[in-house]
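# A structural walkthrough
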Amino acid sequence: QVQLVESGGGLVQPGGSLRLSCAASGSIFIINTLGWYRQAPGKQRELVAGMSRSGSTNYADSVKGRFTISRDNAKNTVYLQMNSLKPEETAVYYCNLKIPLAEYWGKGTQVTVSS
């Protein structure tokens, strides 16, 4: 069984930064993609950033240049560095892992951007 545990969320002022972490545990042999999604109240969950097995990355247009996804294979951890945060980015941020024939989600971490 695969488990994903996010951390690093919290309250930050507009223009501030946060780094989210997602630690993966369990029987993980092949990772297709790792990703971060977010869901704001009343809105659909959306992809924020993703990283493929080869290490290539993709970002939502709204976060390009401000957010960076990275991973530490030795720690089975994926990170999301978020800079210049905006109030409209207040949401629950979820870690996602796709392996052959399965997909896993963390429980999410709340990010609140407010003065």
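I will try to describe carefully the structure that is included in this document.

Basis of the calculations
- Residues numbered from 1 in each chain as written.
- Predicted model: local features only at pLDDT ≥ 70, side-chain atom pairs only at ≥ 80, totals over all residues.
- Heavy atoms only, no water.
- Pairing = 2+ DSSP bridges.
- Helix = DSSP H or I, 4+ residues; strand = E, 2+ residues; numbered from the N terminus.
- Axes fitted to C-alpha atoms, helices over the stretch in contact; angles between N-to-C directions.
- Buried < 20%, exposed > 50% of the residue type's maximum accessible area, 1.4 Å probe, protein only.
- Contact = heavy atoms within 4.5 Å.
- Polar contact = N/O pair within 3.5 Å; in protein donor to acceptor, adjacent residues only side chain to side chain.

## Here we look at the sheet that holds strand 3 (residues 18-25)
A sheet is described by the order of its strands in space; here 4 strands give the open sequence 1-3-8-7, paired in antiparallel fashion. What marks the edges here is a single partner per strand, and that holds for strand 1 (3-7) and strand 7 (67-72). The mean angle between the axes of side-by-side strands here comes to 15°, regardless of whether they run parallel or antiparallel.

## Side note on the pairing of strand 8 (residues 77-82)
Burial runs high along strand 8: 5 of the 6 residues are buried. Here 6 bridges tie strand 3 to strand 8, and the two strands are oriented antiparallel to one another. Residue cysteine 22 lies in a different strand from strand 8, and its bridge partner there is valine 78. In terms of strand pairing, strand 7 meets strand 8 through 6 bridges, oriented antiparallel. Within strand 8, the residue paired with isoleucine 69 across the bridge is leucine 80.

## Points about the environment of serine 25
Secondary-structure assignment places serine 25 in strand 3. Remark: the alpha-carbon pair of serine 25 and leucine 4, spanning 21 residues in sequence, is separated by 6.6 Å. If sequence neighbours within four positions are ignored, serine 25 has contacts with Gln1, Val2 and Gln3.

## Things to note about the side chain of serine 21
Mapped onto the elements, serine 21 comes out in strand 3. Beyond its immediate chain neighbours, meaning those up to four positions away, serine 21 contacts Val5, Glu6, Ser7, Trp36, Thr77, Val78 and Tyr79.

## What about the environment of leucine 4?
For leucine 4, the position within the fold is in strand 1. By relative accessible area, which is 8% here, leucine 4 ends up buried. C-alpha of leucine 4 to C-alpha of tryptophan 105: the two residues are 101 residues apart in sequence and 6.5 Å apart in space. Every residue in contact with leucine 4, bar those within four places of it in the chain, is listed here: Cys22, Ala23, Ala24, Cys95, Asn96, Leu97, Tyr104, Trp105, Gly106 and Lys107.

## Quick word on the side chain of arginine 38
Within the element layout of this structure, arginine 38 appears in strand 4 (residues 33-39). Of the polar contacts made by the side chain of arginine 38, one reaches the side chain of serine 62; its length is 3.4 Å.

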